[in-house]
Amino acid sequence: FDFLKTNAGLHQPISVYKDRHDGGVDIMSTIPTVNSLQDVYGEQLSQADESRYAKLNTAFSRLHGNKPELLARSPGRVNLIGEHIDYEGYSVLPMAISLDTIVAVRVDPSSKKLTVSNTDPKYGTKEFNTDVDQVVDTASLHWTNYVMCGYKGVFDFLRESNRSLPSEVGLQIMVDGRVPTGSGLSSSSALTCAVVVAVMAAHNLSFTKVEVADLACKCERYCGTQSGGMDQAISIMGEIGVAKLVDFNPVRSTDVELPAGSAFLIGNCLAVSNKAETAHEQYNLRVVECQLASIVLAMKLGVSQAEALEYETLSQVQKLVGSLGDSEKAVAEHLHEGAYTQDELGSTLGKSLESLLAGSSASLLVLQHNKAGFQLRNRALHVYSEAARVHKFSDECKSQPSLQTLGDLMNASHESCRVLYECSCKELDELVEAFRSAGAIGARLTGAGWGGSAVALVRQDRVKDVLSRVKEIFFKSRISAGALQDEDIAEALFASLPSSGAAILQGI
């Protein structure tokens, strides 16, 4: 992988905490504690990385008068295939990337305040009280909301698991993030996970990776997005050298060895996708559409009205039918094309949507803003076909994989996201086409969509050429227009290998 040393400062650790068990993460493994950056970044550790940590420590000391007691870091991710299906209970196939968020923390026993700051001065400093029951101000859309999600999540988990709560104590928290916001690489979950790990460690608590991934998923919903769990799971469970097939209910992961001679490129289309800000008309709308599709389809398949109203995901409906292919056929037979209106659904379900969704403020917000109806058929067709593609991709990687087959699956995934799920945008479509025309075997949007990034599969010996051609085809005009500085291209277009997950760092 010599080419990676010249592209975008990739960090590929060679020595990482080994907790694999039967090809995945041991369910009892905990977040590793390390005392060397080498343990996290390995042979690719650069002076820039060391300087970043030094600057964080200096900024923290300048603000608070002392160095942090510990650091926590959690990475962003790129999802290779499996979009918008985690919240439907289906497996996904992401890998952690080297871009990460670091949280420095120090206990302040003389205070009952949480002081939250950022190394980037444009984000400013904000204070909160230590009340674990305080409400997250979702209306503000402030970046510190994710910090408060993580803080509350730790105490939520202790309550749910009937563990004793530590005394509330002041915390000094400083964040340094390198996952671009709105890029589709999960900056929000990297921040939430890093805060969860930092708060956990600051209170001398220890949770398993599975527990941290699950609680981080739940608590991030305080920000108003009905997250499915993929982003948090891979940020916590990511491992060097392997992608992860992540399953849910319960959360678990299995290693997926990516084909020799292949590489994955990531490009940011520069259309910002802020999931929380647009949730009621994009992300959360899709969650509601899938829930409604599961209920209507269950009723069409003979489930009683009372029982069907308890359905929440399309994976529940599959159990009535059998295979994913048969589920697709059932959708095509029983769900009509075009939009379902609120009145039509209320009549079909025998219950108003307001009543059905009364337990979710996020879903009610969707109803308040929805004027175009609900596309149940197309959303369900995407979910079932995408779930099948994930397992085809994973199975193909097991022995003598065909890069062309993997590329075809990625291309089909993007087409389904574009047409059936309508979560792409013109900039993403243009970038995906740029990757393909530059020589990528397959390319697709990654993340929630509506902006953000695309991921492309290329042959290892074509990496430099494809990166150069995509810069010319897609980014050159945007650099000329001032949307991106030429010196920042490595942050918007780069190659990546699977990287390590969350860690606690002490003595750095």
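Just above, that's the structure.
Throughout this description, residue numbers start from 1 for each chain and increase along the sequence as written. Confidence filtering applies because this is a predicted model: local features only for residues at pLDDT of at least 70, side-chain atom pairs given and counted only at 80 or more, and all residues used for totals across whole chains, interfaces and linings. Just so you know, side-chain values use all the structure's heavy atoms and leave hydrogens and water out.

J.: Any chance you could break down the sheet that holds strand β15 (residues 503-505) for me, citing the residues and the numbers?
T.: Pairing between two strands requires that DSSP report at least two bridges joining them. Helix numbers and strand numbers start at the N terminus; a helix is a DSSP run of H or I with at least 4 residues, a strand a run of E with at least 2. Read from one edge of the open sheet, seven strands run β3-β15-β4-β5-β8-β6-β7, paired in mixed fashion. Every other strand in the sheet has two partners, leaving β3 (33-34) and β7 (126-129) as the edge strands with one partner each. Sheet topology places strand β4 (residues 70-81) next to strand β5 (residues 93-108); 10 bridges connect them, and they run antiparallel. In the sheet register, Ala72 faces β5, and the bridge partner there is Val103. Any two residues whose heavy atoms approach within 4.5 Å are treated as being in contact. Interaxial angle, 0 to 180 degrees, is taken between N-to-C directions of lines fitted to C-alpha atoms, where a helix line uses only the stretch in contact. Seen against the sheet, helix α14 (residues 376-396) touches β4 and β5 and runs at an angle of roughly 100° to β4.

J.: Outline the packing of α14 against helix α15 (residues 403-419), listing residues and values.
T.: Geometrically, a packed helix pair is captured by the angle between its two axes and the distance between the axes. Direction vectors running N to C along α14 and α15 enclose 165°, while the axes themselves pass 10 Å from each other. The angle between α14 and α15 falls in the class roughly antiparallel. Here α14 and α15 pass one another in a crossing that is left-handed. Facing Asn378, His382, Ser385, Glu386, Arg389, Lys392, Phe393 and Glu396 of α14, the residues of α15 in contact are Thr405, Leu406, Leu409, Met410, Ala412, Ser413, Ser416, Cys417 and Val419. Angular relationships are summarised with four words: roughly parallel below 35 degrees, roughly antiparallel beyond 145, roughly perpendicular across 65 to 115, and oblique for the angles in between. A clockwise turn of the near helix away from the far one marks a right-handed crossing, whereas an anticlockwise turn of less than a right angle marks a left-handed crossing.

J.: How would you sum up the nonpolar core? Please name residues and give values.
T.: Taken as a class, soluble globular proteins show a tendency for nonpolar side chains to be buried jointly. Definition used in this section: a nonpolar core is a set of buried Ala, Val, Leu, Ile, Met, Phe, Trp, Tyr and Cys residues joined via side-chain atoms within 4.5 Å. For each residue, the accessible area found with a 1.4 Å probe, counting protein chains only, is set against the maximum for its type, and the residue is called buried under 20%, exposed over 50%, and partly exposed in between. Counting residues in each nonpolar core, the largest one holds 156 residues, and the members touching the most others are Phe374, Phe435 and Phe475. Ranked by residues supplied to this core, first place goes to helix α4 (residues 187-202) with 12 residues. Setting aside its immediate chain neighbours within four residues, Phe435 contacts Leu265, Ile266, Gly267, Ala440, Ala443, Ala454, Ala456, Val466, Val470 and Leu493. Judged by nonpolar contacts, the second largest core, of 14 residues, contains Val34, Leu37, Phe60 and Leu71.

J.: Hey, could you go over the pattern of salt bridges for me, with residue numbers and the actual values?
T.: Any Lys or Arg side-chain nitrogen located within 4 Å of an Asp or Glu carboxyl oxygen qualifies as a salt bridge. Within the structure shown, the criterion is met by 26 salt bridges. Linking Asp214 and Lys218 is a salt bridge whose minimum nitrogen-to-oxygen distance equals 3.3 Å. Within this pair, Asp214 and its partner Lys218 are both found in helix α5 (residues 209-220), separated by four residues, close to a single helical turn.

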